[in-house]
Amino acid sequence: VMGGWIYWCVWERRESPTAGRIMAATADAYDTAWSAPVEIGRCLHTSGDSAWPFIMTIEQLSSDTLWAAWTQHDTAGWSVRYSRCVNGNWSPPEPAVVRPNSIRHARIGRGRTAAGQACPLLVWEEAGDIFYSQNAEGSWTAPQEVAHSDAMDRNPEVMSYCSMPLELGPW
């Protein structure tokens, strides 16, 4: 939801067993039709896996920002790519994190900077552990482990808890 009850949907449109496009569409809460899909990025998965795109908003007083993130696997390794949408305009996709190990179950949610501002937060599974990075002050932080375990940690999810309007709680 963004900008007064506008709904967004993102998905992967597969063109071949390894290549696809990340698509987005929008609908007004009072309209029954979705907009024509637009391409916001491309994905490659030499492993044949899915890009698993995810979406969230950072609500601000001046303008809301929509963030979409998805995984990619190619000969250079694994990455989580993202694109931002402000006032209906999508930015070119960029890598948020690049890793040598497989990235699974990447999710995007809302974090908080040291100054208390909302920012995007990524979590993912890598080599049996859960990692995170956040886009604080316009760049992504170095990946850090949430918790190390000798067991196999799987399927992370991220959520922001808000107890008051415009306040962020634990993630």
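Preceding this paragraph is the structure being described.
Here's a quick rundown of the structure. (Residues numbered from 1 in each chain as written. Predicted model: local features only at pLDDT ≥ 70, side-chain atom pairs only at ≥ 80, totals over all residues. Heavy atoms only, no water.)

## A short note on the layout of surface pockets
Filter applied, for reference: Note on definitions: the grid is 1 Å and covers protein atoms alone; a cavity is a set of points where a 1.4 Å probe fits but cannot get out; a pocket is an open set with protein on both sides within 12 Å along at least five of seven lines; lining residues have an atom within 4 Å of a point. Grid points are joined across faces, edges and corners, and a volume is the space filled by probe spheres set on the points. Here a helix means four or more residues in a row that DSSP labels H or I, a strand means two or more in a row labelled E, and each is numbered from the N terminus. Note on residue categories: nonpolar means Ala, Val, Leu, Ile, Met, Phe, Trp, Tyr, Cys or Pro, charged means Asp, Glu, Lys or Arg, and polar means any other residue, Gly included.
Its boundaries defined by the atoms lining it, the second largest pocket holds a volume of some 180 Å³. Residue assignment for the lining of the second largest pocket shows that the elements contributing at least two residues are strand E5 (65-74), strand E6 (77-86) and strand E10 (118-126). Grouping the constituent residues of the lining of the second largest pocket by class yields six nonpolar, six polar and two charged.

## Examining the sheet that holds strand E3 (residues 38-44)
Heads up, the condition is: Here, a strand pair is defined by DSSP locating no fewer than two bridges between the strands. In this description, a line fitted to the C-alpha atoms serves as the axis of each element, helices being fitted only across the stretch in contact, and the angle between N-to-C directions of two axes falls anywhere from 0 to 180 degrees.
In space, the three strands of this open sheet follow the order E1-E2-E3, with antiparallel pairing throughout. Two strands bound the open sheet, and with one partner strand each, they are strand E1 (6-14) and E3. Strand after strand, the sheet turns through a mean of 25° between neighbouring axes, direction not considered. Where strand E2 (residues 19-28) meets E3, six bridges bridge the pair, whose relative direction is antiparallel. Paired with glycine 20 across the bridge in E3 is cysteine 43.

## Topic: unusual backbone geometry
Our working rule: Buried means the residue's accessible area, taken with a 1.4 Å probe over protein chains only, is under 20% of the maximum for its type, while exposed means over 50%, and partly exposed covers the values in between.
Positive phi, close to 45°, is recorded for tryptophan 52, a residue that is not glycine. Positionally, tryptophan 52 belongs in the loop between E3 and strand E4 (54-58). At asparagine 87, a residue that is not glycine, the phi angle is positive and equals roughly 55°. Positionally, asparagine 87 belongs in the loop between E6 and strand E7 (89-90). On the basis of relative accessibility, which here comes to 64%, the residue asparagine 87 falls in the exposed class.

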